[in-house]
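Fold and contact review
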Amino acid sequence: MSENHTLTVENINLVHQEALHQLASVTSIAELDKIRPDLTGKKSPLITMLKMLGTLNPDERKALGGHLNKVREEIATALDKREHMLQQQALEQKLQQEKQDVSLPPRPDMVGKIHPITQVIDEVRHIFSKMGFQLAEGPDIEREYYNFTALNFPDDHPARQMHDTFYLPTSQDNPELGAVLLRTHTSPVQIHAMRQSQPPLRILAPGRTYRCDSDATHSPMFHQVEGLVVDRNIHMGHLKACVIDFCQTFFGISNLKVRFRPSYFPFTEPSAEMDIGCLRGDGKLKIGEGNDWLEILGCGMVHPNVLKMGGIDPDQYHGFAFGIGIERLAMLKYGIPDLRAFYESDARWLQHYGFSPFEKPSSMMGI
Ligand code: PHE
C-alpha cells in the first residue's frame with residue numbers, strides 16, 4: 001500500500017488499483033472482513049484522501065473530488081460483488097458437504113411402533129366388523145344423565161358417588177345440562193346410538209373411560225369397548241354366540257373354554273359375566289389351558305327401561321350388550337404384566353411391546 005497519500009490523480013488511481021488487487025486476492029468472507037477497514041474504514045487511504053479534499057482550493061477540490069468519489073463508488077461496488085460471490089461460494093460448498101445420501105437405509109431405532117392399546121382396539125374392531133357391527137362414538141365428558149340415569153341406575157346407586165366418579169364443576173350457564181362427569185364406562189354410547197337410529201342396530205364403541213381408582217391393577221383412565229345389538233327376536237343365545245366367537249377369534253383358540261356367571265348391571269336383565277378357561281402357575285397365566293377361570297367381560301340383555309330411554313319399543317325389540325376392558329385383553333394376549341406401563345410413555349417399553357404397522361396378527365387376517 002502506498003504511504004504517500006498526497007492528493008493527485010496518480011495517487012488516487014494507485015489506491016484504486018491496490019484496493020482491486022486486495023479484493024481479488026481474498027478467498028473467504030473472513031479474509032474479506034479482515035481487509036474491509038483497509039479499504040473503506042476511517043483510517044483507510046481512501047477516507048484519508050477524502051478528508052484531505054477540504055484542505056484544497058475550490059478548483060482543485062472540484063477536479064480531484066469528482067474523480068475520488070467515482071473511485072470510492074467503484075471500490076464499494078467491487079467490495080459488494082466480491083462479498084456476494086464469496087457468500088455464494090460458501091453456500092455451494094456447504095450444500096456439497098451436507099448432501100444427503102438418499103440411498104442409505106433408515107436407522108432401525110427411528111421406526112415408531114403401534115401402542116398395544118391401539119393395536120388391540122384395531123383387532124377388536126376388525127373381528128366385530130366381520131359380524132356386521134358399525135363403529136359408534138360418544139363423548140368422554142358426559143352428562144350424568146347419559147352415564148347413569150338413562151341407563152336405569154337408581155338415584156342412590158353407589159357408582160354415582162363422588163369417590164367413584166370424576167364429576168366436573170357444574171356449569172352455571174347451562175343448568176339444564178345437569179351434572180357433568182368423565183364417563184365411567186362406554187355404556188352411555190348405547191343411549192346415543194339408539195336415539196340416533198332405528199333398529200336393527202349393531203354398534204361397537206371403543207373409547208376412554210375414567211374412574212377414581214389407581215393402583216397396580218387400576219388406572220384412573222382406561223379403555224373399554226361397548227357392543228350393542230338391537231333387533232326383533234334377539235335372545236341370550238345370540239349374545240353368547242357373539243361373545244364366544246369373539247374371544248375364540250381374538251385369542252386364536254378355537255376350543256377356548258368359557259362360562260357365564262349371573263351378575264348384575266342396572267342396564268341389563270338378565271346380566272352375566274363371562275370367564276375364559278386358563279392355567280395359573282409360576283406367576284404366569286396361560287389362556288385356553290388348565291382349570292382356572294378369568295373374568296373377561298360383562299354383558300346382558302338390554303333392560304326394557306333402557307330401550308325405552310333410547311326411544312325403542314321393548315315390546316317390539318330386544319337387544320344385548322357387552323363391555324370389554326381393552327387393557328385386560330392386551331395384557332392377556334400379549335403377556336404384558338403391568339397395567340401402569342401402558343401410560344408411562346416409555347419409548348423402550350413401546351419398542352418392546354409395540355407393534356410394527358406392517359405386521360398383523362392372525363386374528364386380523366381374512367376370516
Ligand atoms: N358397563 C359395564 C362396566 O363398565 C359393562 C357392561 C356393558 C355390562 C354392557 C353389560 C352390558 O362394567
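Residues numbered from 1 in each chain as written. Predicted model: local features only at pLDDT ≥ 70, side-chain atom pairs only at ≥ 80, totals over all residues. Heavy atoms only, no water.

1. Re the pairing of strand S8 (residues 284-287)
Heads up, the condition is: Being paired, for any two strands, means DSSP has found at least two bridges between them. Helix numbers and strand numbers start at the N terminus; a helix is a DSSP run of H or I with at least 4 residues, a strand a run of E with at least 2.
Relative to S8, strand S7 (residues 268-281) runs antiparallel, the two sharing four bridges. The residue bridging Gly281 from the neighbouring strand is Lys284, located in S8. Linking two consecutive strands that pair antiparallel, namely S7 and S8, is a turn of two residues; a positive phi of about 55 degrees is found at Asp282 within it.

2. Some details on the site of the ligand
Quick note on the threshold: We call a residue near a given molecule or strand whenever any one of its heavy atoms falls within 4 Å of it. In the analysis that follows, any N or O atom pair within 3.5 Å is treated as a polar contact, provided that within protein one partner can donate a hydrogen and the other can accept it, and provided that, for residues neighboring in sequence, both atoms belong to side chains. Under the convention used here, a 1.4 Å probe and the Shrake-Rupley method define accessible areas, while residue burial counts only the protein chains that appear. Just so you know the grouping, Ala, Val, Leu, Ile, Met, Phe, Trp, Tyr, Cys and Pro go in nonpolar, Asp, Glu, Lys and Arg go in charged, and all remaining residues, Gly too, go in polar.
Contacts to the ligand come from 14 residues, most closely from His185, Ser187, Arg211, Gln224 and Gly323. Within the side chain of His185, an N or O atom sits 3.0 Å from a nitrogen atom of the ligand. With respect to the ligand, the side chain of Gln224 contributes an N or O atom lying 2.9 Å from an oxygen atom. In isolation the ligand has 330 Å² of accessible area, and contact with the protein removes 89% of it. For the shell around the ligand, the class distribution of residues is five nonpolar, seven polar and two charged.

3. Description of the layout of surface pockets
Where we set the bar: Cavities and pockets were defined on a 1 Å grid built from protein atoms only: a cavity is a group of points that admits a 1.4 Å probe but offers it no way out, a pocket is an open group of points flanked by protein on both sides within 12 Å along at least five of seven lines, and a lining residue is one with an atom within 4 Å of any such point. Grid points are joined across faces, edges and corners, and a volume is the space filled by probe spheres set on the points.
The calculated volume of the second largest pocket comes to roughly 210 Å³. Residue assignment for the lining of the second largest pocket shows that the elements contributing at least two residues are helix H5 (116-130) and strand S4 (201-210). Looking at the lining of the second largest pocket, the element that brings in the most residues is S4, giving four residues. Classifying every residue of the lining of the second largest pocket by side-chain character gives six nonpolar, four polar and five charged.

4. What about the side chain of Gln224?
For the record, the criterion: Accessibility here uses a 1.4 Å probe with only protein chains present; expressed as a share of the type maximum, an area under 20% marks a residue as buried, one over 50% as exposed, and anything in between as partly exposed.
With respect to the helices, strands and loops of the structure, Gln224 is situated in strand S5 (residues 221-231). On the accessibility criterion, Gln224 (12% relative accessible area) is buried. Polar contacts involving the side chain of Gln224 include one to the main-chain amide nitrogen of Thr186, which spans 2.9 Å.

5. Thoughts on the nonpolar core
Note the threshold: Put simply, buried Ala, Val, Leu, Ile, Met, Phe, Trp, Tyr and Cys residues joined by side-chain atoms within 4.5 Å make one nonpolar core. Contact criterion: two residues are considered in contact whenever any of their non-hydrogen atoms come within 4.5 Å of each other.
Ranked by internal contacts, the top residues of the largest apolar core, which has 44 residues, are Phe246, Phe251 and Phe322. Residue assignment for this core shows that the elements contributing at least two residues are H5, S5, helix H8 (236-251), S7, strand S9 (292-302), strand S10 (318-325), helix H10 (326-334) and helix H11 (347-353). Sort the elements by how many residues they give to this core and H8 lands first, with seven residues. The residues touching Phe246, leaving out its near neighbours within four places in the chain, are Val124, Ile127, Phe128, Met131, Ile324 and Leu329. One finds Leu228, Val230, Val302 and Val306 within the second-largest nonpolar core, a separate group that totals 23 residues.

6. Describing the packing of helix H3 (residues 45-52) against helix H4 (residues 58-97)
How two helices sit against one another is set out by the angle between their axes and by the gap between those axes. To keep things clear, this is the line we draw: Axis lines are fitted through C-alpha atoms, for helices just across the contact stretch, and the angle between N-to-C directions can take any value from 0 to 180 degrees. Relative orientations are named as follows: roughly parallel for angles under 35 degrees, roughly antiparallel for angles over 145 degrees, roughly perpendicular for angles from 65 to 115 degrees, and oblique for any other angle. Here a crossing is taken to be left-handed if its near helix is turned anticlockwise relative to the far helix by less than a right angle, and right-handed if that turn runs clockwise.
The geometry of H3 relative to H4 is characterised by a closest axis approach of 11 Å and an angle of 155 degrees between their N-to-C directions. Here H4 runs roughly antiparallel to H3, going by the angle between their axes. With respect to the hand of their crossing, H3 and H4 are arranged in left-handed fashion. Here Leu46, Ile47, Met49 and Leu50 of H3 come into contact with H4, specifically with Leu68, Asn69, Val71, Arg72 and Ile75. A per-class count over the contact of H3 with H4 returns seven nonpolar, one polar and one charged.

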